[in-house]
Amino acid sequence: MDQQTDRDASLREVMSSYPTGVTIVAAREGEGEPFGLTVNSFTSLSLDPPLVLLCIGHSSASHDRLIASKAFSVSLLAGDQGAIADRFATDPSEGRFHELDWAAGLLGAPLIGGAMAWLECSRHEVLAGGDHSILIGRVEHSVVTGRNALVYQRGRLSSLGG
Ligand SMILES: Cc1cc2nc3c(=O)[nH]c(=O)nc-3n(C[C@H](O)[C@H](O)[C@H](O)COP(=O)(O)O)c2cc1C
C-alpha cells in the first residue's frame, strides 16, 4: 500500500477509475422511434444459457420503456465512436438516432453501424438493485468484428489498442 497516494474515496470515484468498455443499449417499440442510452454497467452473466446483464438508473428517461421491452440490443462501441457515446449520454433523449447509421436487427432492436460487436437479446429477467434496475438479457444473436474497443476511465473515452 502506498501511504503517499492512498485515500478514502466514494464508490463513484473508485468505479470511475476502473476502465470499462462502452455500449449503447437500445430498443424500439414496433415501427416507432428507436431509443437508447450509453451504458458501461454491461457484463456477461452466464454462458449456458447465454445471459448478459446491465444496470439502468431509475432516473433514466429510458428506464420504464427499456425494462418493458421484450427485446433490446447492445452495440459494443468501437474506439472511434466516442461522439456516439457522448450523444447517447446527453439530454435530450429524443433524436439520438437522427442521421445515425443504424439498422434493425433480427429482433427489431436498433444496431449501431461501425460498432465493434453487437448482441441482440430477449428480456430474461429484471431485478431490483438499489437506485438501478438490473436488466438480464438472453443473447439470441451475436456478431463480432476486428475493431478496437472504446474504453471509459476517469470520465475520459479512448480507444483500446490505438
Ligand atoms: C460512459 C458512460 C456510461 C454510462 N453507463 C450507464 C449505465 O450503465 N446505466 C445508466 O443507467 N446510465 C449510464 N450512463 C448515463 C446515461 O447514459 C445518461 O444518463 C443518459 O442521458 C440516459 O439517457 P435517458 O435519460 O434518455 O435514458 C452512462 C454514461 C456514460 C457517459
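To be clear, the structure that these remarks concern was listed above.
Note that the structure is predicted; figures quoted are calculated from it, not measured.

A. Representation of the overall build of the protein. Each helix and strand in the protein was counted, giving 3 helices and 12 strands. In summary, the protein has a C-alpha radius of gyration of 16 Å against a globular reference of 15 Å for 162 residues, a match within 12%. A principal-axis box enclosing the C-alpha atoms of the protein has dimensions of 55 × 35 × 35 Å. Counting over 162 residues, the protein shows a buried share of 37%. For the protein, contacts bridging at least 24 residues in sequence account for 61% of all contacts bridging at least 6. For the protein, the exposed surface amounts to about 9,500 Å²; the carbon and sulfur share of it is 52%.

B. Examining the side chain of S122 more closely. Looking at where S122 falls in the secondary structure, it is placed in strand β9 (residues 117–129). Side-chain polar atoms of S122 contact the side chain of E140, separated by 2.6 Å. Setting aside residues up to four positions removed in sequence, S122 forms contacts with K70, A71, L107, I136, G137, R138 and E140.

C. Looking closely at the site of the ligand. In the region of the ligand, 17 residues are neighbours, and S41, C55, S60, S62 and S93 sit closest. C55 places a main-chain nitrogen or oxygen 2.8 Å from a nitrogen atom of the ligand. In the environment of the ligand, an oxygen atom lies 2.9 Å from a nitrogen or oxygen atom belonging to the backbone of A61. About the coverage of the ligand: the protein hides 80% of its 650 Å² of free accessible area. Because more than half of its atoms lie within 2 Å of the grid, the ligand is assigned to the largest pocket. Of the residues contributing to the shell around the ligand, the split by class is 8 nonpolar, 8 polar and 1 charged.

D. Here's a closer look at the sheet that holds strand β3 (residues 35–39). The sheet built from 7 strands is open, its strands ordered β3-β2-β6-β9-β10-β5-β4 with antiparallel pairing. The open sheet is flanked by β3 and β4 (43–46), the only strands paired with a single partner. Pairwise comparison of adjacent strand axes, ignoring direction, gives a mean angle of 35° for this sheet.

E. Region of interest: the pairing of β4. Note that β4 and strand β5 (residues 51–57) share 3 bridges and pair antiparallel. Residue S46 lies in a different strand from β5, and its bridge partner there is L51.

F. Summary view of the nonpolar core. Counting 20 residues, the largest nonpolar core has V25, L54, L66, F72, V74 and L119 as the members making the most contacts within it. Other than its neighbours up to four places away in sequence, V25 contacts F35, G36, L37, V39, L54, L66, F72, S73 and V74. The next biggest cluster of nonpolar side chains, apart from the first, holds 11 residues, and it includes L77, A85, F97 and L100.

So, how was this worked out
Residues numbered from 1 in each chain as written. Predicted model: local features only at pLDDT ≥ 70, side-chain atom pairs only at ≥ 80, totals over all residues. Heavy atoms only, no water. Helix = DSSP H or I, 4+ residues; strand = E, 2+ residues; numbered from the N terminus. Rg over C-alpha atoms; globule rule 2.2 N^0.38 Å. Buried < 20%, exposed > 50% of the residue type's maximum accessible area, 1.4 Å probe, protein only. Contact = heavy atoms within 4.5 Å. Areas by Shrake-Rupley, 256 points an atom, 1.4 Å probe, with all protein chains shown as cover. Polar contact = N/O pair within 3.5 Å; in protein donor to acceptor, adjacent residues only side chain to side chain. Near = heavy atom within 4 Å. 1 Å grid on protein atoms, 1.4 Å probe; cavity = no way out; pocket = protein on both sides within 12 Å on 5 of 7 lines; lining within 4 Å. Sits in = over half its atoms within 2 Å of the grid points. Nonpolar A, V, L, I, M, F, W, Y, C, P; charged D, E, K, R; others polar. Pairing = 2+ DSSP bridges. Axes fitted to C-alpha atoms, helices over the stretch in contact; angles between N-to-C directions. Core = buried A, V, L, I, M, F, W, Y, C linked by side-chain atoms within 4.5 Å.

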